[in-house]
Amino acid sequence: MSNIKKFAEFVNESINEKFTFADAVEAAGDDVKKNEKGIAAALKALKARKADDIMIMTDTIEDEDLRDAIKGMKTLPIDSTIYDKAYVGKYKGKDVVVFDGGEDLFAYTK
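Please read all numbers here as calculations on a predicted model, not as lab measurements.

Before going further, it helps to examine the overall build of the protein chain. A count of helices and strands for the protein chain gives 5 helices and 5 strands. Across the protein chain, contacts joining residues at least 24 apart in sequence account for 58% of those joining residues at least 6 apart. Accessible surface for the protein chain amounts to roughly 6,100 Å². Of this, 46% is attributable to carbon and sulfur atoms.

Let's shift gears to the pattern of salt bridges. Summed over all chains, the structure comprises 6 salt bridges. Close ionic contact of lysine 33 with glutamate 36 constitutes a salt bridge, the shortest N to O distance being 3.6 Å. Of this pair, lysine 33 and glutamate 36 both sit in helix H3 (residues 32-38), 3 residues apart, which is roughly one turn of that helix. Judged by relative accessible area, lysine 33 falls into the exposed class, the value being 57%. Under the relative-accessibility criterion, glutamate 36 is labelled buried at 13%. A salt bridge links aspartate 63 to lysine 92, with the nearest nitrogen and oxygen atoms 3.0 Å apart. Placement of aspartate 63 in the loop between strand S1 (55-59) and helix H5 (65-69) and of lysine 92 in the loop between strand S3 (85-91) and strand S4 (94-100) is noted, with a sequence separation of 29 residues between them.

This part takes up the environment of alanine 51. Its location among the elements puts alanine 51 in the loop between helix H4 (40-45) and S1. On a C-alpha basis, the gap between alanine 51 and aspartate 23 in space is 8.5 Å, while along the polypeptide they are 28 residues apart.

Quick notes on the rules
Residues numbered from 1 in each chain as written. Predicted model: local features only at pLDDT ≥ 70, side-chain atom pairs only at ≥ 80, totals over all residues. Heavy atoms only, no water. Helix = DSSP H or I, 4+ residues; strand = E, 2+ residues; numbered from the N terminus. Contact = heavy atoms within 4.5 Å. Areas by Shrake-Rupley, 256 points an atom, 1.4 Å probe, with all protein chains shown as cover. Salt bridge = Lys/Arg side-chain N within 4 Å of Asp/Glu carboxyl O. Buried < 20%, exposed > 50% of the residue type's maximum accessible area, 1.4 Å probe, protein only.

Written out as structure tokens, the structure is:
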């Protein structure tokens, strides 16, 4: 999971920019198309078509409340090389998919 740690540090530096799921996969050095297929349920939940359509809203590096928020969210099936689990629900009034990278959580929105 060292790629996730590097990715988390990169996201922390770039949180004010529009950082998409595709950017996250590329930063981890993995294939975007393969991961995009693996997160189809997450894309559908956000009414998005591609990995470029969803961007990071926040993560647990910046917002520890996200850990409590996933307890009330529905689990989604995913097959991703950079994330282990995914949850869908609302966070701070927005529809989000939260990906679990093992140590940190990343909330994406459309």
